[in-house]
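One-letter residues, chain by chain:
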Amino acid sequence: MTSTPAELRVNAARLAARIDALAEVGAIDGTRGCARLALSDEDRAGRDLVVAWMRDLGLAVSIDGIGNVVGTLAGATNEPPVMTGSHIDTVRTGGRYDGNLGVLAGLEIIEVLNEANLTPQRPIAVAFFTNEEGARYSPDMLGSLVYVGGMGVEQAHAIAGIDDTTVGTELARIGYLGTAPLPAAAPHAFVELHVEQGPVLEAEQQTIGAVTGVQGISWTEVTVVGQSNHAGTTPMGLRRDPGLVAFRTGAFIRDLAEEIGAPQVATMGRIELHPNLVNVVPAQATFTIDLRHTNDEVLRDAEQRTLAFLEATAEREQCSVTTRTLARFEPVIFDDDVISLVERTADTLGHSVRRMPSGAGHDAQMLARVCPTGMVFVPSVNGISHNPTEHTDDADLEAGANVLMQVLLELAGGTTEAPR
Ligand code: HGY
Ligand code: MN
Ligand code: MN
């Protein structure tokens, strides 16, 4: 007899304690945030801690060729597992919930099942995927992209970072170059719990977001080459200043996003001048352009207008320009049955819930290529993320983890009372 014990609840204090313990790894002094760039020593330490928790919980742990780690709780059957999870790498100004919550809530759910001596019909797997952030190595969601067969593992290993290392060498260096097969076998379903990282749930005083999908993402690295010259002696009309091209382009994409209107966003997050000295007109400017929209046609138009502006501005400044695509993912729509299950479950548990798209990229958008996929959002205080002050209230963390647990158990076909 299988049942989905609706009365099961997570231990919120235990979940919070794991979040706090993981946040200590790569902690940013004087803040609640942490910095664990993908495949760094800090990432290794975070991985080691989470893998130890997985083993303590009796999970079978597998590591694949891109460093994705999956802990699996055996089910009453050997059918494909229901999977949850997220990432534990962070940006340099990372908060303690982005990604980490989804992985640690999965472990908390396993612990609840262990305590209740319950075995799910289907196995339940908890994963963390490599380099979700894409801050050190592009594209983002790299590990889950390789997991679902969207990129070959050799191609991924060859990716150079912002610091001239490569994915493959760093993966081997930190000891997470695994052997589990890639692409991986598709799970039965995938559901990810994540903080919203935006202002909507808080503004509308909703506790749960039933995520409908992820907007399209366009990342481009631009290199503009001019002529270094003396800041004091070079008349303005004789300059070939790549910095000017960069700054004008940064202003252009801001104006473009405001002209197109929400949900269009545009960001120049990284910019480097060479030689980057006070009295030298720069020789070269390298910068990134991040454009996103839920509608791919609008996103393409924004890309084309930006490229046209960039080329015209570079030509006027007698500079050369080259571009390199760092990431390009089309908008993704999640499985309507999973979205409805999240909505229904939140409602049954007495939480306010609304459907909404995700502004941020997530591993779920890759798993959606191979299985029914959805996400559960919980509010971000002041909508802040990718910032050490990122915060989500304990009650919301607990609500999100309880919704995730019931959704996973439903998808797993319930449980049997079978002491292991
Ligand atoms: O960029 C993103 O949306 C995610 O944080 N990788
Ligand atoms: Mn994330
Ligand atoms: Mn992030």
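This write-up is about the structure you can find in this document. Keep in mind that this is a model prediction, so the values were computed, not measured. Each chain has its residues counted from 1, following the order in which its sequence is written. Chain letters and ligand numbers both follow the written order, the letters beginning at A and the numbers at 1. Owing to the predicted nature of the model, reporting of local features is limited to residues with pLDDT of at least 70; listing and counting of side-chain atom pairs is limited to 80 or more, with chain, interface and lining totals taken over all residues. Note that water and hydrogens are dropped before the side-chain values are worked out from all heavy atoms of the structure.

## Brief notes about the overall build of the protein chain
To be explicit about the condition: Per the convention used, a helix needs a DSSP run of H or I reaching at least four residues, while a strand needs a run of E reaching at least two, with both numbered from the N terminus. For the radius of gyration, the atoms used are the C-alpha atoms, and the globule rule reads 2.2 Å times the number of residues raised to 0.38. By definition in these notes, contact holds between two residues if any of their heavy atoms fall within 4.5 Å. Using a 1.4 Å probe, accessible areas were evaluated by the Shrake-Rupley method; residue-level cover was limited to the displayed protein chains. In this count, Lys and Arg are taken as positive residues and Asp and Glu as negative ones, while His and the chain termini are left out. For charged residues, the charge sits on one atom: NZ in Lys, CZ in Arg, CG in Asp, CD in Glu.
In terms of helices and strands, the protein chain carries 12 helices and 18 strands. Computed over C-alpha atoms, the radius of gyration of the protein chain comes to 23 Å, within 12% of the 22 Å expected from 2.2 N^0.38 for 420 residues, which places it in the range of a compact globule. Its C-alpha atoms give the protein chain principal-axis dimensions of about 85 × 45 × 40 Å. Pairs at least 24 residues apart make up 80% of the contacts formed inside the protein chain by residues separated by at least 6 positions. For the protein chain, the exposed area adds up to about 16800 Å²; of that, 51% sits on carbon and sulfur atoms. The distance from the centre of the 29 positive side-chain charges to the centre of the 55 negative ones in the protein chain is 4 Å.

## Examining the coordination of the manganese ion (ligand 2)
Note the threshold: Metal donors were taken as nitrogen, oxygen and sulfur atoms no farther than 2.8 Å from the ion, or 3.2 Å where the ion is Na, K or Ca. Water is excluded, so coordination may look unfinished.
Within the protein, the atoms that donate to the manganese ion (ligand 2) are His87 (NE2), Asp98 (OD) and His194 (NE2), at distances of 2.1 to 2.3 Å. Within one chain, the residues donating to the manganese ion (ligand 2) are spaced in sequence as H-x10-D-x95-H. Separating the manganese ion (ligand 2) from the manganese ion (ligand 3) is a distance of 3.6 Å, and Asp98 supplies a donor atom to each of them. Of this pair, His87 sits in the loop between β3 (82-86) and α3 (100-115) while Asp98 sits in the loop between β3 and α3, and the two are 11 residues apart along the sequence.

## Observations regarding the side chain of Asp89
Keep this limit in mind: The buried label goes to any residue with under 20% of its type's maximum accessible area, the exposed label to any with over 50%, and the partly exposed label to all in between, with areas taken from a 1.4 Å probe on protein chains only. Put simply, a salt bridge is a Lys or Arg side-chain nitrogen that is within 4 Å of an Asp or Glu carboxyl oxygen. Polar contact criterion, stated in full: a pair of N or O atoms within 3.5 Å, where within protein one must be able to donate a hydrogen and the other to accept it, and residues adjacent in sequence count only if both atoms are side-chain atoms.
In this structure, Asp89 sits in the loop between β3 and α3. No salt bridge is formed by the buried Asp89; its nearest oppositely charged neighbour, Arg47, is found at 6.9 Å. From its side chain, Asp89 meets the backbone nitrogen of Glu132 in a polar contact 3.0 Å long. In this structure the side chain of Asp89 is engaged in a polar contact, spanning 3.0 Å, whose partner is the backbone nitrogen of Glu133. With residues up to four places along the chain from it excluded, the contact list for Asp89 reads Arg36, Ala38, Asp43, Phe129, Asn131, Glu132 and Glu133.

## Notes on the coordination of the manganese ion (ligand 3)
For the manganese ion (ligand 3), the full set of protein donor atoms is Asp98 (OD), Glu133 (OE), Glu133 (OE) and His386 (NE2), at a range of 2.2 to 2.5 Å. Mapping the donors of the manganese ion (ligand 3) onto the primary sequence yields the spacing D-x34-E-x252-H. Classification of Asp98 by relative accessible area gives buried; the value is 5%.

## Comments concerning the packing of helix α8 (residues 242-260) against helix α9 (residues 296-316)
Heads up, the rule is: Only C-alpha atoms enter the line fits that serve as axes; for helices the fit covers just the stretch in contact. Angles between N-to-C directions range over 0 to 180 degrees. Just so you know how the angles are binned, under 35 degrees is roughly parallel, over 145 roughly antiparallel, 65 to 115 roughly perpendicular, and the rest oblique. Crossing handedness is defined as follows: a turn of the near helix away from the far one that is anticlockwise and smaller than a right angle gives a left-handed crossing, while the clockwise case is right-handed. Residue polarity follows a fixed list, in which Ala, Val, Leu, Ile, Met, Phe, Trp, Tyr, Cys and Pro are nonpolar, Asp, Glu, Lys and Arg are charged, and the others, Gly among them, are polar.
One can describe the packing of α8 onto α9 by two numbers: an axis separation of 10 Å at closest approach and a directional angle of 150 degrees. Here α8 lies roughly antiparallel to α9, going by the angle between them. For the crossing formed where α8 meets α9, the hand is right-handed. Contacts between α8 and α9 involve Val245, Arg248, Thr249, Phe252, Ile253, Leu256, Glu259 and Ile260 on the former and, on the latter, Val298, Ala302, Arg305, Thr306, Phe309, Leu310, Thr313, Ala314 and Arg316. Class assignment for the residues of the contact of α8 with α9 results in 10 nonpolar, 3 polar and 4 charged.

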